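# Architecture and fold: a report
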Amino acid sequence: MGGCAGSRRRLSDSEGEETVPEPRLPLLDHQGAHWKNAVGFWLLGLCNNFSYVVMLSAAHDILSHERTSGNQSHVDPGPAPIPHNSSSRFDCNSVSTAAVLLADILPTLVIKLLAPLGLHLLPYSPRVLVSGICAAGSFVLVAFSHSVGTSLGGVVLASISSGLGEVTFLSLTAFYPRAVISWWSSGTGGAGLLGALSYLGLTQAGLSPQQTLLSMLGIPALLLASYFLLLTSPEAQDPGGEEEAESSARQPLIRTEAPESKPGSSSSLSLRERWTVFKVRMMAGFELLFFRNTSLSHAQQYRWYQMLYQAGVFASRSSLRCCHIRFTWALALLQCLNLAFLLADVWFGFLPSIYFVFLIILYEGLLGGAAYVNTFHNISLETSDEHREFAMATTCISDTLGISLSGLLALPLHDFLCQLS
């Protein structure tokens, strides 16, 4: 069963001729299709979030215009580096890394807010193409940038790619077995770990940030190959057959006309129902957790923070088969307590070693990843087939909104703390 032809026929392009339903697969072929879809969604999650994570890992380099080689740093010829606040015990850049976070998340937030209003007018295949092109453009633009402003433009492209891809692929899970949600979530966690670890490892090995970014151009190509060549045609989610899956795949996220429904099924989402699917999540930044009593430079410490956070995210996003958490609000509460503890350390400096911070940040990643995967899993269980596509697309807004708010709060907090002697 061809992945490319089948996916594009059913999910995107035709509003004219109806395709002939294919016969049901024998058991062996069905198992093969299951694993192709599982691997496909894992790779889509990996590739979709990869550029977003790399830009966060490179945030300190983007703002300071440092180019690291091994344990040594030097400044590329050209624009003068952004001055540091040498009078502060935090070794601050004049611009917070929250600026990179905002450039990496605000375009995603805009896409997710507008998606329920008109994204259904664009078929799935063109969305995936735009996402892949933007991801590749982000690596190239940041790699060859000679100014912070141009670099932030590349970060914006990464944000557009990640936001458009997340809304698209989460909506796409509504037409596949529920198990693909855990594979998608694990892939996004893998993007965090592999993205942060690859940036850290390649720069530590001696590559410049420019060379490191250019070496990652194969990731957008892998995203396109996973969607067009690996995924199979979506299966019907109930005994109604594939025809129903094909027709529902072409329905907009917000219908202008009431669909024909089976007896006993619920009608279209009301405005109040559309807002009840939102969940809340928080994220903290680590730039000001700077230790002078270590061999790691400030930039290297920041990269290690990012890698450990993403390692925790990957572990917990891959844990759904082992552990299912029903009350996700408890995870958000623990994240708030973690944030308060780290802010207290920034202010009072009571932790004696960076290794304590490493453990706390790993724990923070475990909380964040568990909140993500369990939220989407709970939605897949608690919403009807009719509502699931919309619920998946809109619930991810709260995740992005929480990150955006944390970035906005981090900007004035950074300026305030950096003024301290």
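Predicted, not measured: the structure shown is a model, and the values here were computed from it.

## Things to note about the overall build of the protein
Scanning the protein for helices and strands turns up 15 helices and 4 strands. For the protein, long-range pairs separated by at least 24 residues make up 84% of all intrachain contacts whose partners lie at least 6 apart in sequence. As presented, the protein carries roughly 18,100 Å² of accessible surface, and 66% of it is formed by carbon and sulfur atoms.

## Description of the side chain of S159
Structurally, the position occupied by S159 is in helix α6 (residues 148–172). Overall, S159 belongs to the buried group, its relative accessible area being 0%.

## What to know about the environment of H60
Tracing the backbone shows H60 in helix α3 (residues 59–64). For the pair formed by H60 and H298, sequence separation is 238 residues and the distance between their alpha carbons is 8.6 Å.

## Looking at empty space enclosed by the protein
Here the structure, examined in full by the defined rule, presents 3 cavities of 30 Å³ or more. When its volume is computed, the largest cavity comes out at roughly 250 Å³. Forming the boundary of the largest cavity are 21 residues, of which N49, Y52, R317, D399 and I403 lie nearest the centre. Elements with a minimum of two residues in the lining of the largest cavity: α2 (27–57), α4 (98–118), α6, α7 (179–204), α12 (298–317) and α15 (385–418). Counted by class, the lining of the largest cavity contains 9 nonpolar, 7 polar and 5 charged residues.

## Structural notes on the packing of α12 against helix α14 (residues 354–382)
Between α12 and α14, the least distance of the axes is 6 Å, while the angle of their chain directions is 40°. Accordingly, the angle class assigned to the pair α12 and α14 is oblique. At the point where α12 passes α14, the crossing takes the right-handed sense. Counting all contacts with α12, which are made through Q301, W304, Y305, L308, Y309, A311, G312, V313, A315, S316 and R317, the residues of α14 involved are I354, V357, F358, I361, L362, E364, G365, L366, G369, A370, Y372 and V373. Considering only residue class, the contact of α12 with α14 consists of 16 nonpolar, 5 polar and 2 charged.

## Regarding the UniProt feature "transmembrane region" (unreviewed entry) in the protein
UniProt records the feature "transmembrane region" (unreviewed entry) for residues 95–115, 127–146, 152–176, 183–201, 213–231, 327–348 and 354–373 in the present numbering. This span, residues 213–231, is 79% helix and 0% strand, and a straight line between its end C-alpha atoms measures 28 Å. In residues 354–373, helix accounts for 100% and strand for 0%; the two terminal C-alpha atoms are 29 Å from one another.

## A short note on the pattern of salt bridges
Side chains carrying opposite charge are able to pair once their charged atoms draw close together. Taken as a whole and assessed by the stated rule, the structure comprises 3 salt bridges. Taking the shortest distance from any N to any O, the salt bridge between E382 and R326 comes out at 3.0 Å. With E382 in helix α14 and R326 in the loop between α12 and α13 (329–348), the pair connects residues that are 56 residues apart, well separated along the chain. Judged by relative accessible area, which is 48%, E382 ranks as partly exposed.

## Considering the packing of α7 against α12
The N-to-C vectors of α7 and α12 enclose an angle of 160°; their axes lie 8 Å apart at closest approach. Compared by their axis directions, α7 and α12 come out roughly antiparallel. As α7 runs across α12, the sense of the crossing is left-handed.

## Notes on the side chain of N37
Turning to its location among the elements, N37 is positioned in helix α2. Beyond its immediate sequence surroundings of up to four residues, N37 is in contact with Y176, V180, L231 and T232.

## Comments concerning the environment of F350
For F350, the location among the structural elements is in the loop between α13 and α14. Taking relative accessible area as the criterion, F350 reaches 39% and is therefore assigned partly exposed. If we ignore the near neighbours within four places in the chain, the residues touching F350 are F341, A344 and D345.

## Describing the packing of aromatic side chains
Applying the stated rule across the entire model yields 10 aromatic pairs. Consider the rings of W35 and W183, whose centres lie 5.9 Å apart with planes at 80°: the pair is edge-to-face. Taken together, the residues W35 in helix α2 and W183 in helix α7 connect sequence positions 148 residues apart. On the accessibility criterion, W183 (22% relative accessible area) is partly exposed. Where Y305 meets F358, the ring centres are 6.0 Å apart and the plane angle is 75°; that geometry is what we call edge-to-face. In this pair, Y305 is assigned in helix α12 and F358 in helix α14, connecting sequence segments 53 residues apart.

Cut-offs used in this document
- Residues numbered from 1 in each chain as written.
- Predicted model: local features only at pLDDT ≥ 70, side-chain atom pairs only at ≥ 80, totals over all residues.
- Heavy atoms only, no water.
- Helix = DSSP H or I, 4+ residues; strand = E, 2+ residues; numbered from the N terminus.
- Contact = heavy atoms within 4.5 Å.
- Areas by Shrake-Rupley, 256 points an atom, 1.4 Å probe, with all protein chains shown as cover.
- Buried < 20%, exposed > 50% of the residue type's maximum accessible area, 1.4 Å probe, protein only.
- 1 Å grid on protein atoms, 1.4 Å probe; cavity = no way out; pocket = protein on both sides within 12 Å on 5 of 7 lines; lining within 4 Å.
- Points joined across faces, edges and corners; volume = space filled by probe spheres on them.
- Nonpolar A, V, L, I, M, F, W, Y, C, P; charged D, E, K, R; others polar.
- Axes fitted to C-alpha atoms, helices over the stretch in contact; angles between N-to-C directions.
- Parallel < 35°, antiparallel > 145°, perpendicular 65-115°, else oblique.
- Left-handed = near helix turned anticlockwise from the far one by under 90°.
- UniProt positions renumbered as here; feature names shortened; annotations may be inferred.
- Salt bridge = Lys/Arg side-chain N within 4 Å of Asp/Glu carboxyl O.
- Phe/Tyr/Trp six-rings, centres within 6.5 Å; stacked < 30°, edge-to-face > 60°.

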